[in-house]
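Here is how the chains run, residue by residue.
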Amino acid sequence: SGYTLQYLDDSLKKDKEIVLTAVKQDGSALEYADDSLKKDKEIVLEAVKASGYTLQYADDSLKKDKEIVLAAVKESGYALEYADDSLKKDKEIVLAAVKQDGGALQYADDSLKKVKEIVLEAVKDSGSTLQYADDSLKKDKEIVLAAVKKSGYALEYADNSLKKDKEIVLIAVKQYGETLEYADDSLKKDKEIVDA
């Protein structure tokens, strides 16, 4: 098991062949590698391909490496949290991250939380990620519709103008009746919605 790297003598934690074998088996073994090998692109690439979140253990210089970060977010969208801020502004990286896990949207640069294509991918995976979208997209019916289809609870994060939209509210309430709480008061009297 790659995880046993933590129990080896420090001299072995500097051995590239041993560390490479360990991270291929268990990417999280990167945590126990010597710092000099956390700067080694080949080792870090193998580690993040096995477990994307292990990007957190990589040297900062490799958290700026697009190839490394792209491999990490394709394996685990949440690895975006550990990427250098410059790559949190990279559309290709962020799109790959939210396709893998919509919740990764929370770690994207604010400028990309305004990009419809990215937010749509995120809410299709996880409706509640609507909360991380720019306010302008919380008013977008296509986005909000996709979000409530995935999770009725996403209605909470929709713009008030769409909390009056019967189609959207009906979808949310049919999934979870308690989401009626987030609907506009005008729809809380609507028999079709209340009976849903």
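Note: the structure precedes this text.
Small disclaimer: the values here were computed from a predicted structure and weren't measured.

1. Looking at the packing of helix α1 (residues 16–25) against helix α2 (residues 41–50)
Okay, step 1: Two numbers describe how α1 lies on α2: the axes approach to 8 Å, and their chain directions differ by 15°. Our classification of the angle between α1 and α2 gives roughly parallel. Between α1 and α2 lies a crossing whose hand is left-handed. Across the interface between the two elements, Lys-16, Val-19, Leu-20, Val-23 and Lys-24 from α1 touch Glu-42, Ile-43, Glu-46, Ala-47 and Ala-50 from α2.

2. Re the nonpolar core
Okay, step 1: Membership of the largest hydrophobic core comes to 66 residues, with the highest contact counts inside it found for Val-73, Leu-130 and Leu-155.
Okay, step 2: Where this core is concerned, the elements lending two or more residues are α1, α2, α3 (66–75), α4 (91–100), α5 (116–125), α6 (141–150) and α7 (166–175).
Okay, step 3: Those residues in contact with Leu-130 that lie beyond four places of it in its chain are Val-123, Lys-138, Ile-143, Val-144, Ala-147, Ala-154, Tyr-157 and Ala-158.

3. Here's the deal with the side chain of Thr-54
Okay, step 1: Structurally, the position occupied by Thr-54 is in the loop between α2 and α3.
Okay, step 2: With near-sequence residues (within four places) excluded, Thr-54 lies in contact with Gly-27, Ser-28, Leu-30, Ala-47 and Val-48.

4. A closer look at the packing of aromatic side chains
Okay, step 1: Scanning the model with the defined rule gives 2 aromatic pairs in all.
Okay, step 2: Where Tyr-78 meets Tyr-107, the ring centres are 6.0 Å apart and the plane angle is 75°; that geometry is what we call edge-to-face. Remark: Tyr-107 occurs in the loop between α4 and α5 and Tyr-78 occurs in the loop between α3 and α4; sequence separation between them is 29 residues.
Okay, step 3: Here Tyr-107 falls in the partly exposed class, since its relative accessible area comes to 21%.

5. Section: the environment of Ala-146
Okay, step 1: Positionally, Ala-146 belongs in helix α6.
Okay, step 2: We classify Ala-146 as buried; its relative accessible area is 17%.
Okay, step 3: Along the sequence, Ala-146 and Ala-50 sit 96 residues apart, while their C-alpha atoms lie 31 Å from each other.
Okay, step 4: Among residues more than four places away in sequence, those in contact with Ala-146 are Leu-120, Val-123 and Lys-124.

6. Notes on the side chain of Lys-138
Okay, step 1: Position of Lys-138 among the secondary structure elements: in the loop between α5 and α6.
Okay, step 2: Other than its neighbours up to four places away in sequence, Lys-138 contacts Leu-130, Gln-131, Ala-133, Val-144, Tyr-157, Ala-158, Asp-159 and Leu-162.

7. Considerations on the pattern of salt bridges
Where charged atoms of side chains with opposite charge meet at close range, the side chains can pair.
Okay, step 1: Tallying each qualifying case throughout the model produces 21 salt bridges.
Okay, step 2: Lys-38 serves as the salt-bridge partner of Asp-35, at 3.7 Å between the closest nitrogen and oxygen.
Okay, step 3: The salt bridge involving Glu-192 is made with Lys-166; its shortest N-O contact spans 3.0 Å. Of this pair, Glu-192 sits in helix α8 (residues 191–195) while Lys-166 sits in helix α7, and the two are 26 residues apart along the sequence.
Okay, step 4: Here the salt bridges share partners, and the residues they tie into one network are Lys-16, Asp-40 and Glu-42.

8. A look at the environment of Ile-68
Okay, step 1: Locating Ile-68 in the fold gives a position in helix α3.
Okay, step 2: Once the C-alpha coordinates of Ile-68 and Ala-47 are considered, the two residues, 21 residues apart in sequence, prove to be 9.6 Å apart.
Okay, step 3: Sequence-distant contacts of Ile-68, defined by excluding residues within four places in its chain, comprise Lys-41, Val-44, Leu-45, Val-48, Leu-55 and Leu-62.

9. Brief notes about the environment of Val-23
Okay, step 1: Structurally, Val-23 is set in helix α1.
Okay, step 2: C-alpha of Val-23 to C-alpha of Ala-104: the two residues are 81 residues apart in sequence and 24 Å apart in space.

Definitions and cut-offs
- Residues numbered from 1 in each chain as written.
- Predicted model: local features only at pLDDT ≥ 70, side-chain atom pairs only at ≥ 80, totals over all residues.
- Heavy atoms only, no water.
- Axes fitted to C-alpha atoms, helices over the stretch in contact; angles between N-to-C directions.
- Helix = DSSP H or I, 4+ residues; strand = E, 2+ residues; numbered from the N terminus.
- Parallel < 35°, antiparallel > 145°, perpendicular 65-115°, else oblique.
- Left-handed = near helix turned anticlockwise from the far one by under 90°.
- Contact = heavy atoms within 4.5 Å.
- Core = buried A, V, L, I, M, F, W, Y, C linked by side-chain atoms within 4.5 Å.
- Buried < 20%, exposed > 50% of the residue type's maximum accessible area, 1.4 Å probe, protein only.
- Phe/Tyr/Trp six-rings, centres within 6.5 Å; stacked < 30°, edge-to-face > 60°.
- Salt bridge = Lys/Arg side-chain N within 4 Å of Asp/Glu carboxyl O.

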